[in-house]
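Each chain is listed here by its residues.
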Amino acid sequence: MGRRLRRKVANVLAALISALMVILAVIPLFHVLFYVLGKGLSGLSWTFFTNIPAPTGVPGGGMGNAILGSLILVAIASLVSVPLGIGAGIFLSEWGRGRLGDLVRWVADMLSGAPSIVVGLFIYSIVVVPMQGFSALSGGLALAVLMMPTVARSTEQMLRMVPVALREGSLALGANWAQTVWRVVMPAARRGILTGVMLAVARVMGETAPLIVTAFGSGFWPSSIFKPIAAVPLQVFVYAISPYPDWQQQAWTGALTLVLIVLVINIVARVALRDRMGVGR
């Protein structure tokens, strides 16, 4: 009885300590969210989403061009990074057990920890300088480099979690390895892969440093991917360091907008995936 009691006490203590750690981890997160919500909610209005920035020192204006610019930049980054990242993840999971696989993992891990400004300067040197100008394309490529490691490594981990029995069953029925990966393994892991993509999008959505030297920012509506473009993080940075109270308020509202955009993207993606998988039918 004494041994059993000690085990129960140890289990209860472990559960309590785990719950305490979760609470300690969640408190700062919710504090930041509620603080941004309290600061930025009062500035939300229809004009904030539909107007471009007002001239310096003039009240009013909005971040409509920056919001659209951020969506364009993330779209460009996703078009480049998601196919390449998922392809790299498939390679690492299914065929990356040699030196080449170890090298790709090392590069992915190194890029995931690289300072974002370094990535921005890299794209500046190979894209901005040859094109002789800042552009949405260069900004999107900088974000794509930041997204790729997260997509690749998360895809690898999700594919490795798919039971080996599914692969063996598909191969036993006559499918080749490529058909097994695309028709059996990928559908089984798609929810986790989507989560990895959303994590990558959430990371780059708030990046500012690489966009300063690539997208540069603009006070007008986007007109071409080969011209400078506004982005919410850039606009928040400019407004936050300004001496104008109206701009400072818009900076908080812009920060709240970033949180809402990421939330909406996550909700839409998960609902769409749930419908495709037939959940709840």
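Residues numbered from 1 in each chain as written. Predicted model: local features only at pLDDT ≥ 70, side-chain atom pairs only at ≥ 80, totals over all residues. Heavy atoms only, no water.

Caption draft 1: Spotlight on the packing of aromatic side chains. For the structure shown, the criterion picks out 7 aromatic pairs. Considering the side-chain rings of Phe 48 and Phe 49, the 5.4 Å spacing of their centres and the 90° angle between planes classify their relative orientation as edge-to-face. A relative accessible area of 2% means that Phe 48 is categorised as buried. Judged by relative accessible area, Phe 49 falls into the partly exposed class, the value being 36%. With 6.3 Å between their ring centres and 35° between their planes, Tyr 124 and Phe 134 make a pair best called tilted. Note that Tyr 124 is positioned in helix H5 (residues 116-131) and Phe 134 in the loop between H5 and helix H6 (136-160), a separation of 10 residues in sequence. Using a relative accessible area of 33% as the deciding quantity, one classes Tyr 124 as partly exposed. The partly exposed category is assigned to Phe 134, whose relative accessible area is 25%. (Phe/Tyr/Trp six-rings, centres within 6.5 Å; stacked < 30°, edge-to-face > 60°. Buried < 20%, exposed > 50% of the residue type's maximum accessible area, 1.4 Å probe, protein only. Helix = DSSP H or I, 4+ residues; strand = E, 2+ residues; numbered from the N terminus.)

Caption draft 2: A look at the side chain of Glu 94. Mapped onto the secondary structure, Glu 94 falls in helix H3 (residues 64-94). The buried category is assigned to Glu 94, whose relative accessible area is 7%. Those residues in contact with Glu 94 that lie beyond four places of it in its chain are Leu 159, Arg 167, Trp 177, Val 181 and Val 185. (Contact = heavy atoms within 4.5 Å.)

Caption draft 3: Fine view of the nonpolar core. In this structure, Met 63 and Leu 73 are the most contacted members of the largest nonpolar core, which totals 50 residues. For this core, the secondary structure elements donating two or more residues are H3, H5, H6, helix H8 (177-205), helix H10 (232-240) and helix H11 (245-277). Here the element with the most residues in this core is H8; it accounts for 11 residues. (Core = buried A, V, L, I, M, F, W, Y, C linked by side-chain atoms within 4.5 Å.)

Caption draft 4: Just a positive patch on the surface, in detail. Taken together, the side chains of Arg 3, Arg 4, Arg 6, Arg 7 and Lys 8 define a basic patch exposed on the protein surface. Topologically, Arg 7 is positioned in helix H1 (residues 2-40). (Patch = residues over 30% accessible without salt bridge, like charges linked within 9 Å, V, L, I, M, F, W, Y side chains within 5 Å. Areas by Shrake-Rupley, 256 points an atom, 1.4 Å probe, with all protein chains shown as cover. Salt bridge = Lys/Arg side-chain N within 4 Å of Asp/Glu carboxyl O. Lys, Arg positive; Asp, Glu negative; His and termini not counted. Charge placed at Lys NZ, Arg CZ, Asp CG, Glu CD.)

Caption draft 5: A look at a nonpolar patch on the surface. A cluster of nonpolar residues, Leu 5, Val 9, Val 12, Leu 13, Leu 16, Ile 17, Leu 20, Met 21, Ile 23, Leu 24 and Ile 27, forms a patch on the protein surface that exposes about 1000 Å² of accessible area. With relative accessibility at 47%, the residue Met 21 sits in the partly exposed group.

Caption draft 6: The arrangement of unusual backbone geometry in detail. Not every positive phi belongs to a glycine, and Gln 132 is a case in point at roughly 60°. Structurally, Gln 132 is set in the loop between H5 and H6. Phi is positive for Phe 216, which is not a glycine, with a value near 75°. Checked against the element boundaries, Phe 216 lands in the loop between helix H9 (209-212) and H10.

Caption draft 7: View of H5. For H5, with 16 residues, the first-to-last C-alpha span of 21 Å sits near the 22 Å given by 1.5 Å per residue. Tyr 124 marks where H5 bends most, by close to 45°. Three or more residues of H5 are buried, namely Ser 116, Val 119, Gly 120, Ile 123, Val 127 and Val 128. Of the surrounding secondary structure, the elements contacted by the buried residues of H5 are H6 and H9. Downstream of H5 by one or two residues, Gln 132 has phi in the positive range, about 60°. (Expected span 1.5 Å × (residues − 1). Bend = angle between axes of the 7 residues up to and from the residue.)

Caption draft 8: Just the pattern of salt bridges, in detail. A full pass over the atoms with the stated rule returns 7 salt bridges. Close ionic contact of Arg 167 with Glu 94 constitutes a salt bridge, the shortest N to O distance being 2.8 Å. Here Glu 94 lies in helix H3 and Arg 167 lies in helix H7 (residues 164-172), a separation of 73 residues in the sequence. Each of the two residues, Arg 167 as well as Glu 94, counts as buried. Among the ionic pairs, Arg 153 bridges to Glu 156, the shortest N-O distance being 2.5 Å.

Caption draft 9: Expanded view of H8. In this model, H8 (29 residues) spans only 36 Å end to end at C-alpha, well below the 42 Å of a helix rising 1.5 Å per residue. Along H8, the largest kink reaches about 60° and is centred on Arg 190. Residue Asn 176 occupies the N-cap position of H8, its side-chain oxygen lying 3.2 Å from the main-chain nitrogen of Ala 178. (Polar contact = N/O pair within 3.5 Å; in protein donor to acceptor, adjacent residues only side chain to side chain.)

Caption draft 10: Quick peek at the packing of H5 against H6. Packing of H5 against H6 leaves a shortest axis separation of 9 Å and a crossing angle of 145°. Once H5 is placed against H6, the crossing between them reads as right-handed. Contacts from Ser 116, Val 119, Ile 123, Val 127, Val 128 and Met 131 in H5 reach Leu 137, Ser 138, Leu 141, Ala 142, Val 145 and Leu 146 in H6. Partitioning the contact of H5 with H6 into residue classes produces 10 nonpolar, 2 polar and no charged. (Axes fitted to C-alpha atoms, helices over the stretch in contact; angles between N-to-C directions. Left-handed = near helix turned anticlockwise from the far one by under 90°. Nonpolar A, V, L, I, M, F, W, Y, C, P; charged D, E, K, R; others polar.)

Scope: geometric values only; no functional claims are made or implied.
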